[in-house]
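Below are the chains, spelled out letter by letter.
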Amino acid sequence: MSSVEESYVLREEFNSAEKRLYKDIRENRERITEHGEAITRLETLYKSLEGLPDAISSLDKTLAAMSVEMSDMGKKIQETTDSINSLKESASKRDDRINKIDNKSKIDWQTAITNNFWKILSACLSGYIVIELIIRAMQGG
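Computed from a predicted structure; not experimentally measured.

**A few points about the overall build of the protein**
1) Next: In terms of helices and strands, the protein carries 4 helices and 0 strands.
2) Next: From first element to last, N terminus to C terminus, the protein shows the α and β order α-α-α-α.
3) Next: With the C-alpha coordinates aligned to their principal axes, the bounding extent of the protein is approximately 190 × 30 × 30 Å.
4) Next: Split into buried and exposed, the 141 residues of the protein put 0% on the buried side.
5) Next: For the protein, the accessible surface area stands at approximately 13,800 Å², while carbon and sulfur atoms represent 60% of it.

**Overview of the environment of L52**
1) Next: When you line up the elements, L52 lands in helix 2 (residues 52–105).
2) Next: For L52, a relative accessible area of 42% puts it in the partly exposed group.
3) Next: Taking the C-alpha atoms as reference, L52 lies 25 Å from G36; in sequence the two are 16 residues apart.

**Digging into the packing of aromatic side chains**
1) Next: Within the structure shown, the criterion is met by 1 aromatic pair.
2) Next: An angle of 75° between the planes, with centres 5.1 Å apart, marks the rings of F117 and W118 as edge-to-face.

**Some points on the environment of S71**
1) Next: For S71, the location among the structural elements is in helix 2.
2) Next: On the accessibility criterion, S71 (40% relative accessible area) is partly exposed.
3) Next: Note: C-alpha distance between S71 and A38 (33 residues apart in sequence) is 48 Å.

**A few points about the confidence of the model for the protein**
One rule of thumb: low pLDDT means the predicted coordinates there are not for detailed reading.
1) Next: Averaged over every residue, the pLDDT of the protein is 87; residues scoring 70 or more account for 94%.
2) Next: Mean pLDDT values over the elements of the protein span from 82, in helix 3 (residues 109–115), up to 91, in helix 1 (residues 11–49).

**Some remarks on a nonpolar patch on the surface**
1) Next: A contiguous nonpolar surface patch, about 770 Å² in accessible area, is contributed by W109, I113, F117, W118, I120, L121 and L125.
2) Next: For the nonpolar patch, the elements supplying multiple residues, two or more each, are helix 3 and helix 4 (117–139).
3) Next: Element by element, the count of residues in the nonpolar patch is highest for helix 4, at 5 residues.

**What to know about the pattern of salt bridges**
1) Next: Within this structure, the stated rule accounts for 3 salt bridges.
2) Next: A salt bridge links D95 to R94; its shortest N-O distance comes to 3.2 Å.
3) Next: Looking at D95, the relative accessible area reads 36%, which means it is partly exposed.
4) Next: Note on R94: relative accessible area 42%, which makes it partly exposed.

Cut-off values and rules
- Residues numbered from 1 in each chain as written.
- Predicted model: local features only at pLDDT ≥ 70, side-chain atom pairs only at ≥ 80, totals over all residues.
- Heavy atoms only, no water.
- Helix = DSSP H or I, 4+ residues; strand = E, 2+ residues; numbered from the N terminus.
- Buried < 20%, exposed > 50% of the residue type's maximum accessible area, 1.4 Å probe, protein only.
- Areas by Shrake-Rupley, 256 points an atom, 1.4 Å probe, with all protein chains shown as cover.
- Phe/Tyr/Trp six-rings, centres within 6.5 Å; stacked < 30°, edge-to-face > 60°.
- pLDDT = per-residue confidence, 0-100.
- Patch = residues over 30% accessible without salt bridge, like charges linked within 9 Å, V, L, I, M, F, W, Y side chains within 5 Å.
- Salt bridge = Lys/Arg side-chain N within 4 Å of Asp/Glu carboxyl O.

Below is the structure:
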């Protein structure tokens, strides 16, 4: 025959162990409930984030398209700036030509007299002599 050792538990020890087990079971149920609520929140969050990869992919494509459009817009702005600068340069050249033509149509009397002083003096003296000769000839004498 086998020798089985028998042991006995006192009621007080049994009640104490039972209370501990009930306490552990209650705490475990509370944790299970809390974990169940947390899992439900996580599942809800997961469902709300399911479309995120597609949205990120779409955003990436949109940003790439915007980059190309911004580059094209930059080129157009540069072309417009170049065109405006060309128009300004043409206007400046036109204004210079107009001023030159306008200045050519004006006589600078001071410069003309200074440069041609002796010619003007000779012409005036010649005119005076001719007029005096004509007047003497008309007076008869």
